[in-house]
Amino acid sequence: MNTVRKYFDVFLLKLVKPESLQSLKQFMLNVSSLACFFVGAKVFSVSAGIIAARILSKDDLGVANLAMTAGNALATLGVFGFGSAIVKYGAPSSTPGRFISTGMWTVIIATAGFAALAMMLSPFAHMFKMSSHVYICGLGMGAFSSLFAFAAAGQQTLSRFSLRGVMELSLAISYAVILCTVFLFGFRSWESIAYSWMIAYSIALFIGVFPMRKECSFGFQKDAFKTMLPFALPTFGGAIGFFFCGQIQRFELSALMTEEDVATYSVYYAPSVVLATFVWGMISTVFFTKSATTSNRENLWNMTARASVMGAIPAFLTMFSVTAFYIYLCGDKYPFDWILATLFTTAATITAIASGLGQVIGAHGVRAVRIGLAMSLTMGVITTVGTWVMLRYTGLGLYATPIAIIAAYTTNLVWLCAIRKSFF
């Protein structure tokens, strides 16, 4: 056992300096406490996705993904940038409840306000071949998702990483069980996915919010709101940019191609980019808290950069294998395309690397998130415009979607490296 620990320490010292070894070990311990929950959650959600792909028609799966995209849009707006702000200011505070409670009321009010605005804009949903029913169901999922994001941020702020993992696992298990039950009783349409998600979110929210009810009892604190707002607003704008970078393509495919193409896109996107985002989400649950509280972010950047270089090829090969296996399990409706799988896996790898380096910069404060805002909006424009132009004028079809993501995140990666020295 001592020999194993010795070689493990030698490996870790390739990432950090000796004085940072114990800090890295603590970080890995916190991540490992989450890993079993997050991995378990992913097993259930992926299994549910495969079952849905096999049972539902491509049209129904495409419609379900359009509804979820509308929900993601509302969730992006509803969180209002306060997810990261709660962690940024609450984690180092002696009274984190002030920030958690203020963030909760801000998210509730913002979600309700943007939902009302979205309802007034519902006629525009027909531009993307979405019926009013699909649109409204999507908004329902989005409302629950924004509240879940608040609860997750609250648990991160309190460093309750195991409970954060339980939230994720309970959400995935509830969704999978409810969806399969609905399918068994013969309800096999896109609505099965929408309503299953909403019920699952309700269960996970109770599990996440009830243990921190004391922290949620501070009410709306004006001084805490004013403290968080300068950080939250650029983060909010950045989240909108990232929505256009990672979500808008489904709407574009629906408008310019077919709902079946939306389904195929989603089947390839899920085990590659979504998987990378999920794994990074698990790590960043601890990582952003660490970035927000550490005084040596240059060391954190260097560690992240070295880990990215060492892990890029293994990550690509792992995600490619997972993507291929996932598509195989989805059935004959989704034939395997080597080029499409390679492009999506490449996009996923670059996304993970850029996200890791971006969080180190983003934790510096208001100046950093303002730069992040400019980056995300630029990436959103590249993805949105690039996808639209390629779909409409090049004949690339679905290949256009991962190519646009690769272009956007490569730009982000170069930009991050270029501004690095202005922060360290």
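Residues numbered from 1 in each chain as written. Predicted model: local features only at pLDDT ≥ 70, side-chain atom pairs only at ≥ 80, totals over all residues. Heavy atoms only, no water.

Participant: Please set out the environment of Ala307 residue by residue, giving values where relevant.
Facilitator: Positionally, Ala307 belongs in helix α12 (residues 297–330). Take Ala307: its relative accessible area is 36%, and that puts it in the partly exposed class. Taking the C-alpha atoms as reference points, Ala307 and Gly356, separated by 49 residues in sequence, lie 9.9 Å from one another. (Helix = DSSP H or I, 4+ residues; strand = E, 2+ residues; numbered from the N terminus. Buried < 20%, exposed > 50% of the residue type's maximum accessible area, 1.4 Å probe, protein only.)

Participant: Lay out the nonpolar core in plain terms, naming residues and giving numbers.
Facilitator: General note: in soluble globular proteins, nonpolar side chains tend to be found buried as a group. In terms of nonpolar packing, the biggest core is built from 96 residues, with Leu61, Met130, Phe150, Ile193 and Tyr334 touching the most fellow members. Among the nonpolar cores identified, the runner-up in size contains 8 residues, and Trp301, Ile353, Ala368 and Leu416 belong to it. (Core = buried A, V, L, I, M, F, W, Y, C linked by side-chain atoms within 4.5 Å.)

Participant: Account for the environment of Tyr328, naming residues and giving values.
Facilitator: Summarising the element assignment, Tyr328 is placed in helix α12. Sequence separation between Tyr328 and Ile50 is 278 residues; the distance between their C-alpha atoms is 9.6 Å.

Participant: Could you give an account of the packing of aromatic side chains, with specific residues and numbers?
Facilitator: The relation between two aromatic rings is expressed through the spacing of the ring centres and the mutual angle of the planes. Going through the model one piece at a time under the given rule, you end up with 22 aromatic pairs. Consider the rings of Phe82 and Phe225, whose centres lie 5.6 Å apart with planes at 10°: the pair is stacked. On the criterion of sequence distance, the pair formed by Phe82 in helix α4 (residues 82–90) and Phe225 in helix α9 (residues 222–246) is long-range, its members being 143 residues apart. Residue Phe82 is classed as buried on the basis of its relative accessible area, which comes to 0%. Site record: aromatic cluster; members linked through ring pairs are Phe80, Phe82, Phe114, Phe220, Phe225 and Phe236. A cation sits over an aromatic face here: Arg98 above Phe99, 5.1 Å from the ring centre. Across from the ring centre of Phe210, 4.1 Å away, lies the NZ or CZ of Arg213, which sits over that ring. (Phe/Tyr/Trp six-rings, centres within 6.5 Å; stacked < 30°, edge-to-face > 60°. Lys NZ or Arg CZ within 6 Å of the ring centre and 35° of its normal.)

Participant: Now, about a nonpolar patch on the surface: what can you tell me, with residues and values included?
Facilitator: Together, Leu117, Met120, Leu121, Phe124 and Met127 make up an exposed nonpolar region whose accessible area comes to about 540 Å². Within the secondary structure, Phe124 sits in the loop between α5 (96–120) and α6 (132–157). (Patch = residues over 30% accessible without salt bridge, like charges linked within 9 Å, V, L, I, M, F, W, Y side chains within 5 Å. Areas by Shrake-Rupley, 256 points an atom, 1.4 Å probe, with all protein chains shown as cover. Salt bridge = Lys/Arg side-chain N within 4 Å of Asp/Glu carboxyl O.)

Participant: Which residues make up unusual backbone geometry, and what are the values?
Facilitator: In this structure, Phe80 takes a positive phi of about 60° despite not being glycine. On the secondary structure map, Phe80 appears in the loop between α3 (58–79) and α4. On the basis of relative accessible area, Phe80 is assigned to the buried category, the value being 18%.

Participant: Talk me through the pattern of salt bridges; I want residue IDs and the actual numbers.
Facilitator: What the rule picks out here adds up to 3 salt bridges. The closest approach of N and O atoms between Glu215 and Arg160, which form a salt bridge, is 3.7 Å. Of the two residues, Glu215 sits in the loop between α8 (190–209) and α9 while Arg160 sits in the loop between α6 and α7 (161–184), which places them 55 residues apart along the sequence. Glu215 sits in the buried class, given a relative accessible area of 13%. The residue Arg164 makes a salt bridge to Glu168 at a minimum N-O spacing of 2.8 Å. A residue pair is termed a helical-turn pair when its members lie 3 or 4 positions apart in one helix, as Arg164 and Glu168 do in helix α7 at 4 residues. Each member of the pair Arg164 and Glu168 is classed as buried.

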